Every structure is written in structure tokens, then in C-alpha cells.
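Descriptive structure summary
The residues making up each chain are set out below.
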Amino acid sequence: MIYFDSAATSMPSDTASKAFAFAAEKYANPSSVHSGGIEASKLLTTARDKIAATLGAKPSEIYFVPSGTFANNAAIIGASRAKARKGRHIILSDSEHPSVHNAALQLQKEGFELSFVQTKGGAIDKDELVSLIRDDTVLVSIMLANNETGALYDIPSLSKAVKAKSKDIIFHCDAVQGYLKTPFSVNSLGVDLLSVSAHKVHAFKGSGALFIRSGIRVEPIIYGGGQESGICSGTESVPLIYSFAECADEQYGNLKSNIEKIKTLYEYAEEKLEAAGVKVNTPAASTYCVLSATLPDIKSEVMLNHLSSFGIYISAGSACSSHAKSNRILTAYGLTPRQSECTIRISFSEYNTKDEVDILANAISSGISSLAKMRK
Ligand code: PLP
């Protein structure tokens, strides 16, 4: 298998697997007061400290959740409901992941009004964002890196502009595709709420974290035993959380070298793919982890099947929106519906090699020639 779909989900690292196996043996409920429970709870404490360190946050500001989707829902719905008496207006970008976009649509049903700032060409205009702010704006949500185009948005300057207009507006950032792929801390971004997910950083599906800055109020969106200070009731999965933290800690240590490796792979792939007749869409400001490319009038599914027959895995657009009728994000980026239909997403991790890029580029090139001939 040649795997170029790490933005959909990443291969678990050895560190994650070993940490999972270790923590799985400490199977007592971390809320139990006996020594088994205390032992499990200590692993949660270690994990919270480590995730906090990767984000430059305090451990008390980290809440473990089951996914990036949960973190986004908890942040957007929970923080907006907590502020509802102050105002009911939310701003988000027009390229947010469905877990942000649809959470905001849910709030709309509850009487909130939404405004969307454009992401055309992969950048957000600070002045346009500020012009959308109203007296009743309570929350702004803008992702760090886009899962389909790879665009890296300038969160430090956007959050600064929002806070300059009103420091009471809560700034949420979905950092699922930027976490451990580009250097940042919650303070360098200037955000109040931030979401990350384990399975995008070589740990397992079923874990994630929400950063909530001290002093920011978030109402729970689910109710139960009050675990994670009430933000995510339900017995914590110690093995998933612990393995996430051990893996993230390692990735954090390797961040600089991983970024360099991925950038080299990206640039190599970009050159090869352009030579094969593919148009690269990803803007210059990107994480280099996602390469969005439009094929010369060949539908992405056709190319995906062609590559899959060689054991090469990529995505069309993003895995999460593969069921959507039209591609909201690529349209917002500025692609026509036909270009969107012909757009593929190649996503890298530090586990990929140049040889794999060669194989991918050759297979895309042969696919373009043979699929074009078939149309004649
Ligand atoms: N946000 C972004 C930008 C994503 O790419 C994804 C997953 O693709 C999510 C949120 C959701 O994360 P999870 O799969 O952990 O629910």
C-alpha cells in the first residue's frame, strides 16, 4: 500500500501502539477511588500535562474528548449558548469542516445568525472579517489549516483584529489539520478555544482534545457523570488518551524535522505532478501536508479507482465531505463545479518517501494518458 491520505487519517506510530498496550493494562475506571483507579487517573494527568505542553496551554485548560468533531461541537455550541444572553451572532469562514459548519447551522435553528468570511484563493481578508463584526457577535470560528486545500490561515493576525474590535468575542480555532504540522501555541495564535484530534497525528481514532482558555465559559453539550469537568461526560478512554499524548509528545519533539521532510516531499510532488499536466491548487501559505490538484478533465473518482488498482490511496476533495453533493470548500476556494469534480487531494506524512512520490506521479501520468484515450 502506498498511502497518501494522511489528512483523512494517519498511520498510528509505534509509540502510539506501545503506549496504548501499556495503558490498556491499567483498565480501572479513572474516576474510581481504589488504587487501580488512581493509577489510571495518573495516566490521564500525564496525558493532560503532555498535550498541554504541545499547545503551550495549562493542563487545567485541556479537556479530553472523543474526536475533533466533538471538540468543535462542544466549543461552538457550548460557548455560543453560554453567551446567548449577550448576543446571537457568529462568524465563521466559508471553508470550515462540517463539524464546525453544521454545528453553526444547528445554532442557527436555535435563533443565532451566521455570517461567513470568504476564503477565496486560500486567504482571509482581515478587514472583511472585521467588517462582519456586530454588537451582538459572540464567537468567531476560523480553522488553522484547511483539510481540502491545505491553505494555512493567518490566525494570529485575524484573532488580533477581532480582539481589537471587541475583546469579549470568543475566538475558536479548529486546528485539527494544523496541529503538529506547523508550529504554534494557543498564545501565538491568540485563541480562546482550540480543537485537535488524535488520529490526524499518528495516534488512534476516538480521542481528541479541546483547549478552553481559563475564564471562558462553555456550557456542556452532553450530560452525565461530569468527567472532564463536565465538558465531556462519560468514562475517559485511558488507553486512547494516553497513547494520543505519548504520540503527540514525540511528534512535538520531531516537529521541525518532520516539517522539513514533508515540505521536501510536497515540493517534489508538486513539480512531478505539474509536469504530468495536473494543476496544483494549494496556495503558497500551506502546511505542505495537503496537495490539492485538478486533473485535466478527468473526474477524481475515475483517477482514484485507477490509483487504487495499483494500491495507491489518495482522496477526492476530503474523505469527510465525500458524500456531499457539491463541494462547498472547493467552490469557496474559487474552483468551478467541473474543476471541483476533477480535483484530487494528496496528503503527506513524514512516513512517505520520494520513491512513493515517483510511483504516484507515474501512475497519475499514465492514468491521464489512458483515461484521456478512453474518452476519444
Ligand atoms: N476538522 C478538520 C479540519 C478535519 O479535517 C477533521 C477531520 O477530517 C475534523 C475536524 C474532525 O476530526 P475527527 O475525525 O477527529 O472527528
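In short, a report on the structure. Because the structure is a prediction, the values reported are computed rather than measured. (Residues numbered from 1 in each chain as written. Predicted model: local features only at pLDDT ≥ 70, side-chain atom pairs only at ≥ 80, totals over all residues. Heavy atoms only, no water.)

1. Considering the overall build of the protein chain
The test is simple: The helix count covers DSSP runs of H or I at least four residues long, the strand count covers runs of E at least two residues long, and both are numbered beginning at the N terminus. Atoms counted for the radius of gyration: C-alpha only. Globule rule: 2.2 Å times residue count to the power 0.38. Here the term buried applies to any residue with accessible area under 20% of the maximum for its type, exposed to any over 50%, and partly exposed to those in between, with areas from a 1.4 Å probe on protein chains only. Should any heavy atoms of two residues lie within 4.5 Å, those residues are considered in contact. Positive charge is attributed to Lys and Arg, negative charge to Asp and Glu, and no charge count is given to His or to the chain ends. A charged residue contributes its charge at one atom only: NZ of Lys, CZ of Arg, CG of Asp or CD of Glu.
Helix and strand content of the protein chain: 13 helices and 13 strands. The globule rule puts the C-alpha radius of gyration for 376 residues at 21 Å, and the 21 Å found for the protein chain is close to it. Taken over the C-alpha atoms alone, the protein chain extends approximately 70 × 50 × 35 Å along its principal axes. In the protein chain, buried positions account for 56% of the 376 residues. Looking at the protein chain alone, contacts between residues at least 24 apart form 73% of all its contacts between residues at least 6 apart. Each charge class in the protein chain was averaged separately, 38 positive and 38 negative side chains, and the resulting centres sit 3 Å apart.

2. Overview of the sheet that holds strand β13 (residues 343-347)
Heads up, the condition is: Strands are labelled as partners when DSSP assigns at least two bridges between them. To obtain an axis, a line is fitted to C-alpha atoms, over the contacting stretch when the element is a helix, and the angle between two such axes runs from 0 to 180 degrees between their N-to-C directions.
Spatial strand order, β9-β10-β13-β12: four strands in an open sheet with antiparallel pairing. What marks the edges here is a single partner per strand, and that holds for β9 (279-280) and β12 (315-316). By the bridge criterion, five bridges tie strand β10 (residues 290-294) to β13 in an arrangement that is antiparallel. Bridge pairing links T294 to T343 in β13. The strands touched by helix α9 (residues 255-275) are β9, β10 and β13; relative to β10, the strand with the most contacts, the crossing angle is about 10°.

3. Structural notes on the packing of helix α2 (residues 35-55) against helix α8 (residues 238-253)
So the rule is basically this: What makes a crossing left-handed is the near helix being turned counterclockwise from the far one by less than a right angle; a clockwise turn instead makes it right-handed. Here the nonpolar group is Ala, Val, Leu, Ile, Met, Phe, Trp, Tyr, Cys and Pro; Asp, Glu, Lys and Arg are the charged ones; every other residue, Gly included, is treated as polar.
Closest axis-to-axis distance for the α2/α8 pair is 9 Å, and the angle between their directions is 35°. Remark: the crossing between α2 and α8 carries left-handed chirality. Residues A40, L43, L44, T46, A47, K50, I51, A53 and T54 of α2 form the contact with α8, whose participating residues are V238, I241, Y242, F244, A245, E246, A248, D249 and Y252. When its residues are assigned to classes, the contact of α2 with α8 shows 13 nonpolar, two polar and three charged.

4. Regarding helix α4 (residues 98-109)
Applied cut-off: To estimate the expected span of a helix, subtract one from its residue number and multiply by 1.5 Å.
Taking 1.5 Å of rise per residue, 12 residues should cover 16 Å, and α4 covers 16 Å from first to last C-alpha, within 8% of that figure. Against the buried residues of α4 lie α3 (68-82), β3 (89-93), β4 (113-117), β5 (137-141), β6 (170-174) and α11 (328-333).

5. Observations concerning the environment of Y333
By secondary structure assignment, the location of Y333 is in helix α11. You can call Y333 buried: its relative accessible area is 10%. In this structure, the C-alpha to C-alpha distance between Y333 and T287, residues 46 residues apart in sequence, is 16 Å.

6. Some remarks on the site of the ligand
Spelled out, the test is: Proximity is defined per residue: if any heavy atom of the residue lies within 4 Å of a molecule or strand, that residue is considered near it. Pairs of N or O atoms within 3.5 Å make up the polar contacts considered here, provided that, within protein, one atom can donate a hydrogen while the other can accept it, and that residues adjacent in sequence are counted only when both atoms are side-chain atoms. A 1.4 Å probe and the Shrake-Rupley method give the accessible areas. Residues count as covered only by the protein chains that appear here.
Around the ligand sit 15 residues in total, of which T69, D174, Q177, S197 and K200 are the nearest. At 2.6 Å, a side-chain N or O of T69 approaches an oxygen atom of the ligand. Starting from 390 Å² of accessible surface for the ligand in isolation, the protein chains cover 92%. Among the elements that line the shell around the ligand, the one with the most residues is α3, at three residues. A per-class count over the shell around the ligand returns three nonpolar, 10 polar and two charged.

7. Comments concerning unusual backbone geometry
Positive phi is not limited to glycine here, since H202 has a value of about 70°. Along the chain, H202 turns up in the loop between β7 (193-197) and β8 (208-212). The class for H202 is buried, based on a relative accessible area of 3%. At Y288, a residue that is not glycine, the phi angle is positive and equals roughly 70°. Secondary-structure assignment places Y288 in the loop between β9 and β10.

Any functional reading would require information that these geometric values do not contain.
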